[in-house]
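# Secondary and tertiary structure notes
Residues per chain are reported as follows:
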Amino acid sequence: SYTIETADDGRAMMAIADGMGTGEMAACKSRLVIELVESLFENGYDTMAIPDMINSAIIESKSDEPVTMDIVELNLDNGMGHVVKMGGAASFILRNGKVIILRPSSLPAGVIEEIEEDVWEQQFEDGDYIIMVSDGVADCLPFYDKESKLAEILEKMKYRNPQKMAEYIMSECHYFCGDDNVDDMTVLVMGVWKTKDLQTLK
């Protein structure tokens, strides 16, 4: 499950939650987590506090289905942002044709009571892109270093429109796995531009 939100205070947020396991139970858990993320964000909670709150909620529910979670929050006024992860797949920042890989080391939400999420603080620049994927995207690639292969795909990409970029990434992954992917695949792309540059985006 995923969401993309903007708030009245000038913040933008996108998030992916992926229930571990398969079937309706895992899907239901990821939907509930995303709904909680949306509610907390819309009510002005600090994104840095959201993972701990969600982890506590899952632990208290005594659920046996952990959930991976990726959140990106961007201040639209000054370009400061945070990437927060609890488990999940790597995320990517595309800047001037080069890719920065953000590899998670934390556990998913709902595994242990005291959890330490991965946090990256970034000053995003005009022309940056943040790419988040579910683990099904990387897992379908038949390479040892799947994240580096995804980074290579991103660096060769000619598109600069977020929707077209997401579609291209998905099509490249399907090129390798066909229709045989065994896990759900989600790609989210957030582009950062100064207002004056929006009219030239293609």
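Worth saying up front: this structure is predicted, and the values here are computed from it rather than measured. All chains use their own residue numbering, which begins from 1 and follows the written sequence. Per-residue local features of the predicted model are confined to residues with pLDDT of at least 70, and side-chain atom pairs are confined, for both listing and counting, to 80 or more; whole-chain, interface and lining totals are unaffected and use all residues. Note: side-chain values were computed over all heavy atoms of the structure, leaving out hydrogens and water.

## Comments concerning the overall build of the chain
Note the cut-off: For helices the rule is a DSSP run of H or I covering at least 4 residues; for strands it is a run of E covering at least 2, with both sets numbered from the N terminus onward. In this treatment the radius of gyration is a C-alpha quantity, and the globule benchmark scales as 2.2 Å times the residue count to the 0.38 power. Residue contacts are defined here by distance: any two heavy atoms, one from each residue, within 4.5 Å place the two residues in contact. All accessible-area figures derive from a Shrake-Rupley calculation using a 1.4 Å probe, and residue coverage is judged against the displayed protein chains alone. We treat Lys and Arg as the positive residues and Asp and Glu as the negative residues; His and chain ends play no part in the count. Note on charges: their place is set at NZ of Lys, CZ of Arg, CG of Asp or CD of Glu.
Looking only at helices and strands, the chain features 5 helices and 9 strands. Written out in order from the N terminus, the α and β elements of the chain read β-β-α-α-β-β-β-β-β-β-α-α-α-β. Expected size for 202 residues packed as a compact globule is a radius of gyration near 17 Å; at 17 Å, the chain falls within 12% of this value. In the chain, the share of contacts with a sequence separation of at least 24, taken over all contacts with a separation of at least 6, comes to 65%. Total accessible area computed for the chain in this model is approximately 10,500 Å², and 49% of it derives from carbon and sulfur atoms. Averaging the positions of the 17 positive and the 38 negative side-chain charges in the chain gives two centres separated by 10 Å.

## Describing the nonpolar core
Heads up, the condition is: Residues belong to a common nonpolar core when they are buried Ala, Val, Leu, Ile, Met, Phe, Trp, Tyr or Cys residues joined through side-chain atoms within 4.5 Å. Each residue is placed in one exposure class: buried if its accessible area under a 1.4 Å probe, protein chains only, is under 20% of its type's maximum, exposed if it is over 50%, and partly exposed if it falls in between.
Phe92, Ile131, Val133, Leu150, Ile169, Val187 and Val189 are the most contacted members of the largest nonpolar core, which has 26 residues in total. Elements with a minimum of two residues in this core: strand E5 (91-95), strand E8 (129-133), helix H3 (135-139), helix H4 (146-156), helix H5 (162-177) and strand E9 (187-191). Sort the elements by how many residues they give to this core and H5 lands first, with 6 residues. Beyond its immediate stretch of four places on either side in the chain, Leu150 contacts Phe92, Val133, Val137, Ala138, Leu141, Ile169 and Cys173.

## Focus: the packing of aromatic side chains
To keep things clear, this is the line we draw: Two rings belonging to Phe, Tyr or Trp (six-membered ring only in the last case) form a pair when the distance between their centres is within 6.5 Å. Interplanar angles under 30 degrees mark stacking, angles over 60 mark edge-to-face geometry, and anything in between is tilted.
Inspection of every chain in the model, using the stated rule, returns 2 aromatic pairs. Measuring from ring centre to ring centre gives 5.8 Å for Tyr129 and Trp193, while their planes differ by 80°; the resulting arrangement is edge-to-face. Taken together, the residues span a long stretch of sequence, with Tyr129 in strand E8 and Trp193 in the segment after E9 at a distance of 64 residues. Given a relative accessible area of 3%, Tyr129 falls into the buried group. Residue Trp193 is classed as partly exposed on the basis of its relative accessible area of 26%.

## Re a nonpolar patch on the surface
Let me state the cut-off plainly: Each patch is built from residues that are more than 30% exposed by relative accessible area and take part in no salt bridge. Like charges join if they lie within 9 Å; nonpolar side chains (Val, Leu, Ile, Met, Phe, Trp, Tyr) join within 5 Å. Should a side-chain nitrogen of Lys or Arg be within 4 Å of a carboxyl oxygen of Asp or Glu, the pair is scored as a salt bridge.
Judged by side-chain polarity, Leu107, Val111 and Ile112 come together as a nonpolar surface patch covering roughly 220 Å² of accessible area. Along the polypeptide, Val111 turns up in the loop between strand E6 (98-102) and strand E7 (118-123). Residue classification places Val111 among the partly exposed positions, given a relative accessible area of 39%.

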